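# Overview (structure and organization)
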Amino acid sequence: FALERALRRALAHEQFRLHYQPKVDLRSGRIVGTEALIRWQDEAGTWHPPDSFIPVAEESGLIVAIGEWVLREACRQQVAWQQAGLPVVPVAVNVSPLQFHHPHFFETVRTVLESNGLAPQTLELELTEATILVDHAHVAKIMTQLRELGVALSIDDFGTGYSNLSYMKRFPVDAFKIDRSFVRDLPDDADDAAIAQAIVALGRSMGVTVIAEGVETMAQAHFLRGIGCEQGQGYQFSRPVDPDRYAELLALPA
Ligand code: G
Ligand code: G
Ligand code: MN
Ligand code: NA
């Protein structure tokens, strides 16, 4: 419970920050989107990686409040970048299962966009398979509402969940993010190459954009581009960086 208490304090004392990692068009090299990733520096100055506190936040229910903070902050930042005259690309926010299934989730998203005067098209939500593979009727309803509003939806860590592909057909999504475990050993690993190709083919047949996560080398980027994967994200292009650094990247010509 010490960690839970520390997280409450972190929220109240504004100890969370967002870093941003570009998503890149593999053909042009241009930045076509960005993912907001939470960071926490406690009062002693120690940085905590999200893997160390997001699960606790999820178990305690605090993720609902933290997730709402992330959404507000990402939208506030998006407005600030737009006002600074930077190219407009969608900002993606990770949504955890509890947060998505909270009764007020859709209304929260709608209100945050509206209060920031932000076009829904500039927001994307990253959901995991774990989020969408329960309570189909409710999930489909919320996803449809979000899409009708204009918010883009992507499936994070694609391929690591149940991967019941017939479910995928029923859910309206804009992008599949190939999990980085399938990218790490590209291009040499024949199984991973086959998986990546299958996901790209699936995306193409469904009209869904495919983005590879965890792209760390030129060889991986080259292979992915060769099989028709449209976008990449990873250290090869940029680590997650603070908002000022991200604005610099966005302002650079591709
Ligand atoms: O940012 P990486 O650097 O360490 O993130 C690790 C994990 O934490 C990833 O699975 C990522 O999706 C998750 N994560 C990062 N930021 C957020 C956030 O704002 N909300 C949720 N729910 N998960 C996040
Ligand atoms: O689950 P999610 O995709 O939201 O997780 C994003 C996580 O992946 C963050 O922890 C981020 O720091 C990490 N990440 C981003 N790019 C790379 C990369 O090229 N290699 C590795 N190993 N991790 C990455
Ligand atoms: Mn993600
Ligand atoms: Na991921």
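Just so we're clear, the structure is a prediction, and the values are computed from it rather than from any experiment.

This part takes up the overall build of the protein chain. On a plain count of helices and strands, the protein chain comes out with eleven helices and nine strands. A compact globule built from 254 residues would reach a C-alpha radius of gyration of about 18 Å, and the protein chain, at 18 Å, matches this within 12%. A principal-axis box enclosing the C-alpha atoms of the protein chain has dimensions of 50 × 45 × 35 Å. In the protein chain, buried positions account for 35% of the 254 residues.

Turning our eyes to something else, we now look at the pairing of strand β2 (residues 31–41). Looking at chain direction, strand β1 (residues 16–25) and β2 are connected through nine bridges and run antiparallel. Paired with Lys 23 across the two strands is Gly 33, which belongs to β2. Where β1 hands over to β2, the hairpin turn is made up of five residues, of which Gly 29 adopts a positive phi near 80 degrees. Here two bridges tie β2 to strand β3 (residues 47–48), and the two strands are oriented antiparallel to one another. Across the sheet, the residue bridging to Gln 41 is Trp 47, located in β3.

In this section: the confidence of the model for the protein chain. Mean pLDDT over the protein chain stands at 94; residues scoring 70 or higher make up 98%. Across the assembled chains, the prediction reports ipTM 0.97 with pTM 0.96.

As a further point, take the site of ligand 1. Around ligand 1, the structure places Leu 37, Ile 38, Pro 49, Pro 50, Asp 51, Ile 54, Gly 67, Val 70, Asn 94, Ser 96 and Pro 240. For the shell around ligand 1, the secondary-structure elements that each account for two or more residues are β2, α2 (50–60) and α3 (63–83). No other element matches the three residues that α2 contributes to the shell around ligand 1. Partitioned by chemical class, the residues of the shell around ligand 1 number seven nonpolar, three polar and one charged.

With that settled, consider the packing of helix α5 (residues 105–115) against helix α7 (residues 136–149). The description of two packed helices rests on the angle between their axes and on the distance between the axes. Running from N to C, α5 and α7 cross one another at 15 degrees; their axes reach a closest spacing of 10 Å. In terms of axis orientation, α5 runs roughly parallel to α7. Crossing hand, α5 versus α7: right-handed. Where α5 approaches α7, its residues Phe 105, Phe 106, Val 109 and Arg 110 are matched on the opposing element by Ile 142, Gln 145, Leu 146 and Leu 149. The residue makeup of the contact of α5 with α7, split by class, is six nonpolar, one polar and one charged.

At a minimum axis separation of 10 Å, helix α1 (residues 2–12) and α2 run at an interaxial angle of 90 degrees. Viewed along their axes, α1 and α2 adopt a mutual orientation that is roughly perpendicular. On the side of α1, the interface is formed by Leu 3, Glu 4 and Leu 7, while α2 contributes Phe 53, Val 56, Ala 57 and Ser 60. Residues of the contact of α1 with α2, tallied by class, amount to five nonpolar, one polar and one charged.

Criteria and cut-off values
- Residues numbered from 1 in each chain as written.
- Chains lettered and ligands numbered in written order.
- Predicted model: local features only at pLDDT ≥ 70, side-chain atom pairs only at ≥ 80, totals over all residues.
- Helix = DSSP H or I, 4+ residues; strand = E, 2+ residues; numbered from the N terminus.
- Rg over C-alpha atoms; globule rule 2.2 N^0.38 Å.
- Buried ≥ 20, exposed ≤ 12 C-beta atoms within 10 Å, placed from the backbone.
- Pairing = 2+ DSSP bridges.
- pLDDT = per-residue confidence, 0-100.
- Near = placed C-beta within 6 Å.
- Nonpolar A, V, L, I, M, F, W, Y, C, P; charged D, E, K, R; others polar.
- Axes fitted to C-alpha atoms, helices over the stretch in contact; angles between N-to-C directions.
- Parallel < 35°, antiparallel > 145°, perpendicular 65-115°, else oblique.
- Left-handed = near helix turned anticlockwise from the far one by under 90°.
- Contact = placed C-beta atoms within 7 Å.

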